[in-house]
Amino acid sequence: MARAFLFVLDSFGIGGAADAERYGDTGSNTFGHIAESCAQGRADREGLRSGPLLVPNMLSLGLGDAAETATGLTIEGGTRVRLARAFHGAAQEISSGKDTPSGHWEIAGLPVRFDWGYFPDTLPTFPAQLTAAMIREGKVPGILGNCHAPGTEIIERFGEEHIRTGMPICYTSVDSVLQIAAHEEHFGLERLYEFCKVIRRLVDPLNIGRVIARPFVGETAATFSRTHNRRDYAVPPPEPTLLDRLTERGSQVIAVGKIGDIFAHRGITETRKAAGNMAMFDKALGAMDDAGDGDLVFANFVDFDTDYGHRRDVAGYAAALEAFDRRLPEALARLKHGDLLILTADHGNDPTWRGTDHTRERIPVFGTGPGLHGGDIGLRATFADIGETVAEHLGLARGRHGTSFYPVIGDHA
């Protein structure tokens, strides 16, 4: 029995990116700054959490060692006693950008070596020809926004006008995205999805990575809230990924959360979604139970990014990490001989950083498996080493990108 479980804590970077200066992110460190804030009492919130960051299960798998590999800094607090078969290290991204598709594709063995298209930070931000086509082919009376903006803020600004006029709220960020917010009832959820499909086609020539549907509910600026019916319409990967290689062989790839959307539903045999990290964890546990020989469970836990990183909510991010850590023993208990569990991230989103955007950081790579030797995998030159390690573990031929670290951690019993 050889199975693999790949859990992505969305945006949980650990600092130290060699090219952070290029992105204006020198010094950003999602994990490090959250831990520091907690230790200094700056992440206390009544009724939510207080005190030092408590993630003993991830630390026992080597999270603290991974952070030290990335930056040379020691994370204070908590146990540093690792499980005997745990492994740990960090990885540097070589893909262009610091967004979700780039990070996940590289994790799955396909670095993004081209430059995505981006919209300028101007008013208006979208080209006039594109805006006209969106209105005409999307069959809407007009659009609102047409700017760079945080998602929750722009809904507060334009939500009431959107309800009144029927115009969808269209905006972007420093990432290669075009996001569309619309009310689930007044505009209609299915209508929003169809509108996004039209926009996906229109922005293909501009090489925009994702069109994202951002549905919300509520009746006033004070009551608007985004729902978990988000849907991403991504460009398909230009080459086969680990997922394609597995499904072509006949193995199952069970996608939990937004994984299917990120890969344009290519190389996926089944998608399981839920609202919130804890419900997503339940789905991941169920997928672990259902996975067979040669299968991969690929799960994304998006709340870290959307609910806490982008909103610069340090206490919320810390509480979410602690909640995830408390559930981790349930996943460890499901591991059988021949299994491989890897925990990692796709980019950073330091909640102490300026602005509301992702941060260019190295990512942790840590985990375990019964029968593995474990150990220190060091600093990996690319996220693609993760995909190649999973490939070797599951018996696939070597891919074009990345180097497996399975010889370091593999079964030497």
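What you see is a predicted model, and the numbers here were worked out from it, not measured in a lab.

Enquirer: Mind showing me how you'd approach the nonpolar core here?
Expert: Nonpolar side chains in soluble globular proteins tend to be buried together. Core analysis: the largest hydrophobic core is formed by 86 residues, its most contacted members being Phe7, Leu296, Leu321 and Phe324. Broken down by element, this core gets its largest block of residues, 8 residues, from helix H12 (residues 314-332). Ala133, Phe187, Leu192 and Ala213 belong to the second largest nonpolar core, which has 24 residues in total.

Enquirer: I'm lost on the side chain of serine 176 in this one. Help?
Expert: With respect to the helices, strands and loops of the structure, serine 176 is situated in the loop between strand S4 (169-172) and strand S5 (177-183). Classification of serine 176 by relative accessible area gives buried; the value is 2%. A distance of 2.6 Å separates a polar side-chain atom of serine 176 from the backbone oxygen of glycine 117. Every residue in contact with serine 176, bar those within four places of it in the chain, is listed here: Asp99, Trp116, Gly117, Tyr118, Asn207, Ile208, Gly209 and Arg210.

Enquirer: Just checking my understanding: could you explain unusual backbone geometry for this structure?
Expert: As a rule of thumb, non-glycine residues mostly have phi less than zero, and peptide bonds are mostly trans rather than cis. That bond from leucine 123 to proline 124 is cis: its omega, -5°, falls within 30 degrees of zero. If you check the backbone angles, asparagine 207 has positive phi at about 60° while not being a glycine. Mapped onto the fold, asparagine 207 is located in the loop between helix H7 (184-203) and strand S6 (210-217). Even without glycine at this site, alanine 264 takes up a positive phi of about 55°.

Enquirer: Is there a simple way to explain the pattern of salt bridges in this structure?
Expert: Any two side chains of opposite charge can pair, given that their charged atoms come close. Counting across every chain of the model gives 25 salt bridges. A salt bridge links aspartate 204 to arginine 200, with the shortest nitrogen-to-oxygen separation between them at 2.9 Å. Residue classification places aspartate 204 among the partly exposed positions, given a relative accessible area of 45%. In this structure arginine 200 comes out as buried when scored by relative accessible area, which is 10%. Through salt bridges with shared partners, one network takes in Asp19, Glu93 and Arg360.

Enquirer: Looking at this structure, how should I read helix H6 (residues 151-165)?
Expert: Working note: α-helix, 3.6 residues per turn, so residues spaced by three or four point in the same direction. Look at H6: 19 Å from first C-alpha to last across 15 residues, which is about the 21 Å you get at 1.5 Å a residue. In the structure, H6 departs most strongly from a straight axis at phenylalanine 158, where the bend amounts to approximately 55°. Looking at H6, one finds that the buried residues are Gly151, Ile154, Ile155, Phe158, Gly159 and His162. On its buried face, H6 sits against strand S3 (144-148), S4, S5, H7, S6 and strand S7 (225-226). Phi for glycine 166, located one or two positions after H6, is positive at around 80°.

Calculation criteria
- The residue numbering used here restarts from 1 in each chain and proceeds along that chain's sequence as written.
- This being a predicted model, a pLDDT of at least 70 is required before a residue's local features are given, and a value of 80 or more before pairs of side-chain atoms are given or counted; all residues contribute to the totals for chains, interfaces and linings.
- To get the side-chain values, take all heavy atoms of the structure and skip hydrogens and water.
- By convention a nonpolar core is built from buried Ala, Val, Leu, Ile, Met, Phe, Trp, Tyr and Cys residues, the set being connected through side-chain atoms within 4.5 Å.
- A simple rule labels every residue: compare its accessible area, found with a 1.4 Å probe on the protein chains alone, to the largest value its type can have, and call it buried under 20%, exposed over 50%, or partly exposed in between.
- What counts as a helix is a DSSP run of H or I of at least four residues, what counts as a strand is a run of E of at least two, and both are numbered from the N terminus.
- In protein, a polar contact requires one atom able to donate a hydrogen and another able to accept it; more generally it is a pair of N or O atoms within 3.5 Å, and residues adjacent in sequence count only if both atoms are side-chain atoms.
- By the convention used here, residues are in contact when the closest approach between their heavy atoms is within 4.5 Å.
- Put simply, a salt bridge is a Lys or Arg side-chain nitrogen that is within 4 Å of an Asp or Glu carboxyl oxygen.
- One less than the residue count of a helix, multiplied by 1.5 Å, gives the span that helix is expected to have.
- In this scheme, the bend at a residue equals the angle between the axes fitted to the seven residues that finish there and the seven that begin there.

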